[in-house]
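Here's the letter readout for the chains.
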Amino acid sequence: MSRTLAALAFASLALSSQVQAIPIVSVGSATVGIGDTFTIPVSITDAVDLTSFQFDLSFGASILQVTATGVTESAFFTQGDITAFVPGFVDNTAGQILGVSDALIFQLPVNGSGVLANVEFTARAAGTSPLTLSNVFLNLVDTGFDVANGEVCVTAPAAPTCAPVGTVPAPGSLALLAAGLALLGLRGRTV
């Protein structure tokens, strides 16, 4: 019986060492002040034989604007050689960067983790802007990987912190008391 368990344990270890991690394409997050110019990376972890990528990125146009520098290639993907980089179309009014793509021409496929591209923004107003990836493709395929979105918190002197995206501010105590009294009043009428 112990030989059977040992054989099963060995087989399990051999199979688990062959399983590869799923690549993750992610956009960074930051906390900045109004007027700051800053760079957000779009990265990949656990790339395997990566030869091309594509993505769109949306952002809160009332909070952020892409600078004239816009989207730039990274040394991790280019490996210092010639590529077919397209920085995409920036629409600062709608808060979108569409069709960012890059493809290797002569070099070997990229493996590992690193930055695919950098996006330069300027913070226009206080608030939290989601950074949402869409239309993501790796090697001309839109499956077999995960996507992780980011956010930028823009602070102001009067508001030095940001609430996380999707949170609702807690109502004041007086409003809660008024709502409770109104419900008690309604309950008293129906009894």
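The structure displayed is predicted, hence computed values, not measured ones. (Residues numbered from 1 in each chain as written. Predicted model: local features only at pLDDT ≥ 70, side-chain atom pairs only at ≥ 80, totals over all residues. Heavy atoms only, no water.)

Student: I keep staring at the side chain of Q65 and nothing clicks. Help me out?
Tutor: Looking at the element boundaries, Q65 is found in strand β5 (residues 64-73). At 3.1 Å, the side chain of Q65 and the backbone oxygen of A61 are in polar contact. (Helix = DSSP H or I, 4+ residues; strand = E, 2+ residues; numbered from the N terminus. Polar contact = N/O pair within 3.5 Å; in protein donor to acceptor, adjacent residues only side chain to side chain.)

Student: Just checking my understanding: could you explain the packing of aromatic side chains for this structure?
Tutor: For the structure on display, the rule yields 4 aromatic pairs. Centre to centre, the rings of F53 and F77 are 4.9 Å apart; their planes meet at 80°, and the pair counts as edge-to-face. Within this pair, whereas F53 is found in strand β4 (residues 52-58), its partner F77 is found in helix α2 (residues 75-78), the two being separated by 24 residues in sequence. For the pair F59 and F121, a centre-to-centre distance of 5.3 Å together with 70° between the ring planes defines the contact as edge-to-face. Here the residue F59 occupies a position in the loop between β4 and β5, and F121 occupies one in strand β8 (residues 110-123), the gap between them amounting to 62 residues. Of the two residues examined, F59 and F121, each falls in the buried class. (Phe/Tyr/Trp six-rings, centres within 6.5 Å; stacked < 30°, edge-to-face > 60°. Buried < 20%, exposed > 50% of the residue type's maximum accessible area, 1.4 Å probe, protein only.)

Student: Would you take a moment to explain a nonpolar patch on the surface for this structure?
Tutor: Taken together, I82, I105 and F106 make up a surface patch of nonpolar side chains, about 340 Å² in accessible area. Within the element layout of this structure, I82 appears in the loop between α2 and β6 (89-91). (Patch = residues over 30% accessible without salt bridge, like charges linked within 9 Å, V, L, I, M, F, W, Y side chains within 5 Å. Areas by Shrake-Rupley, 256 points an atom, 1.4 Å probe, with all protein chains shown as cover. Salt bridge = Lys/Arg side-chain N within 4 Å of Asp/Glu carboxyl O.)

Student: Could you clarify how one ought to interpret the sheet that holds β6 in this entry?
Tutor: Either a parallel or an antiparallel arrangement is found when strands of a sheet pair, and the pairing is made through backbone hydrogen bonds. Read from one edge of the open sheet, 6 strands run β2-β11-β9-β4-β7-β6, paired in mixed fashion. Strands at the two margins of the open sheet, each flanked by one partner only, are β2 (30-33) and β6. If you compare each strand with its neighbour and ignore which way they point, the axes differ by 20° on average. (Pairing = 2+ DSSP bridges. Axes fitted to C-alpha atoms, helices over the stretch in contact; angles between N-to-C directions.)

Student: I'm lost on the pairing of strand β11 (residues 150-155) in this one. Help?
Tutor: Counting buried positions along β11 gives 5 out of 6 residues, so the element sits mostly inside the fold. Bridge count for strand β9 (residues 127-138) against β11 is 5 bridges, and the pairing is antiparallel. Bridge pairing in β11 places L131 opposite G150.

Student: Mind showing me how you'd approach the nonpolar core here?
Tutor: Looking at soluble globular proteins, one finds that nonpolar side chains tend to be buried together. Counting 34 residues, the largest nonpolar core has F55, L57, L64, F121 and L131 as its most contacted members. Where this core is concerned, the elements lending two or more residues are β1 (24-27), β3 (37-50), β4, β5, β7 (96-103), β8, β9 and β11. Not counting residues within four places of it along the chain, the set of residues in contact with F121 comprises D36, T37, F38, I40, L57, F59, L64, Q65, V66, T67 and L131. (Core = buried A, V, L, I, M, F, W, Y, C linked by side-chain atoms within 4.5 Å. Contact = heavy atoms within 4.5 Å.)

Student: Would you explain unusual backbone geometry in this entry?
Tutor: Within the chain, D49 stands out as a residue other than glycine whose phi angle is a positive 55°. As for its position among the elements, D49 is in strand β3. According to the relative accessible area criterion, D49 is partly exposed, its value standing at 44%. Of note, N135 is a non-glycine position whose phi angle comes to about 50°, a positive value. Within the secondary structure layout, N135 lies in strand β9. Exposure remark for N135: the relative accessible area of 44% places this residue in the partly exposed category.

Student: How should I be thinking about the environment of T78 in this particular structure?
Tutor: Here T78 shows up in helix α2. Residues T78 and T51 lie 27 residues apart in sequence; the distance between their C-alpha atoms is 9.8 Å.

Student: Explain the confidence of the model for the protein here, please?
Tutor: Keep in mind that low pLDDT regions are not for reading the predicted coordinates in detail. When pLDDT is averaged along the protein, the result is 83, and 74% of the positions lie at 70 or above. Confidence scores differ between elements of the protein, with helix α3 (residues 173-190) showing the lowest mean pLDDT of 49 and β4 the highest of 98. Of the regions scoring below 50 in pLDDT, residues 166-178 engages in 1 contact with residues more than four places distant in sequence or in other chains. (pLDDT = per-residue confidence, 0-100.)

Student: Even after reading the chapter, I still don't get the pairing of β9, so can you show me in this structure?
Tutor: Side-chain direction in a regular strand flips from residue to residue, so the side chains alternate between the two faces of the sheet. Sheet topology places β4 next to β9; 5 bridges connect them, and they run antiparallel. If you follow S58 over to β9, its bridge partner there is T132.

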